[in-house]
Amino acid sequence: SQVDEDLINLVSMLFEFILEDYNLAAPIQVLISRLQIPILKVVINDNAFFSSNQHPARRLLNALAKAGIGWVESQNPKDPLYEKIHHIVHTILDKFNGDIGLFERLYIDFEQFIQREERKSRIVEQRTKESEVGQIKSRQAHKMVEQKLDNLLAETASPTPDFIRETLRVGWSRVMFLAYLKDEQEHQWEKTCNTAENLIWCL
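Residues numbered from 1 in each chain as written. Predicted model: local features only at pLDDT ≥ 70, side-chain atom pairs only at ≥ 80, totals over all residues. Heavy atoms only, no water.

Draft legend 1. Broad picture of helix H1 (residues 2-19). End to end, H1 covers 26 Å across 18 residues, agreeing with the expected 26 Å (1.5 Å per residue, within 8%). Those residues of H1 not exposed but buried are Leu-7, Val-11, Phe-15 and Ile-18. Across the axial projection of H1, the buried residues extend over an arc of 70°, all falling on one side. With respect to the buried face of H1, the exposed residues turned more than 90 degrees away are Gln-2, Met-13 and Phe-17. (Helix = DSSP H or I, 4+ residues; strand = E, 2+ residues; numbered from the N terminus. Expected span 1.5 Å × (residues − 1). Buried < 20%, exposed > 50% of the residue type's maximum accessible area, 1.4 Å probe, protein only. Arc of directions from axis to C-beta.)

Draft legend 2. Quick look at the packing of aromatic side chains. Following the criterion strictly, the structure yields four aromatic pairs and no others. A ring pair is formed by Phe-49 and Phe-50, whose centres lie 5.1 Å apart and whose planes are at 85°; its orientation type is edge-to-face. With a centroid separation of 6.1 Å and 25° between ring planes, the pair formed by Phe-110 and Phe-113 is classed as stacked. Here Phe-110 and its partner Phe-113 are both found in helix H7 (residues 101-154), three residues apart, which amounts to about one turn of the helix. With respect to class, Phe-110 is no different from Phe-113; both count as buried. (Phe/Tyr/Trp six-rings, centres within 6.5 Å; stacked < 30°, edge-to-face > 60°.)

Draft legend 3. Local environment of the confidence of the model for the protein chain. With 98% of its residues at a pLDDT of 70 or more, the protein chain shows a mean pLDDT of 86. The element-level mean pLDDT for the protein chain is lowest in helix H9 (residues 183-186), coming to 77, with helix H6 (residues 80-95) highest at 92. (pLDDT = per-residue confidence, 0-100.)

Draft legend 4. Region of the structure containing the pattern of salt bridges. All told, the structure shown has five salt bridges when counted by the stated rule. Where Arg-59 meets Glu-104, a salt bridge forms, and the shortest distance between an N and an O atom there is 3.1 Å. In this pair, Arg-59 sits in helix H5 (residues 56-68) while Glu-104 sits in helix H7, placing the two residues 45 residues apart along the sequence. Between Asp-99 and Arg-105 there is a salt bridge, and its shortest N-O distance comes to 3.4 Å. (Salt bridge = Lys/Arg side-chain N within 4 Å of Asp/Glu carboxyl O.)

Structural data, given as structure tokens:
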């Protein structure tokens, strides 16, 4: 009928629009394009697909396209996002028999997957930041300890015995290093500096 022909044209235009989006990586485009026939079957049986943005098939199609925007093909053959979309597409191709509920179940599953991946990304990002901050603090602490010991040893009126220099630079410097890193909580940095200064003075 004319109505069916119009629906076919609308679905065709919809997929052309999705597949012409240059932000959507080619491998994801190929996967999504395979849904054109199942979506066409949905539309012919239920034209609420176009009238309701809450239609399960429409929500799933939107979610897949949105997730694929900005995705970059990696060298990992088992990329989680690609594998998930691949699984969803083939589930629809193999199991869709007119039950719209299949799209709803797959949509819910995909949204949960995206949320898990976002949580993982946030955790990795936070750990990376913490690692970078830790490295900066560590370098700063080493520098401060070295400068402090250099200044204390340079200010002595008489030469400091070698074994005392070794004790300070090899042993006590580690205590000072940890004290500097934890100074905001334990306030021990000044105390460790004073101990080194008193040791040098009493000799």
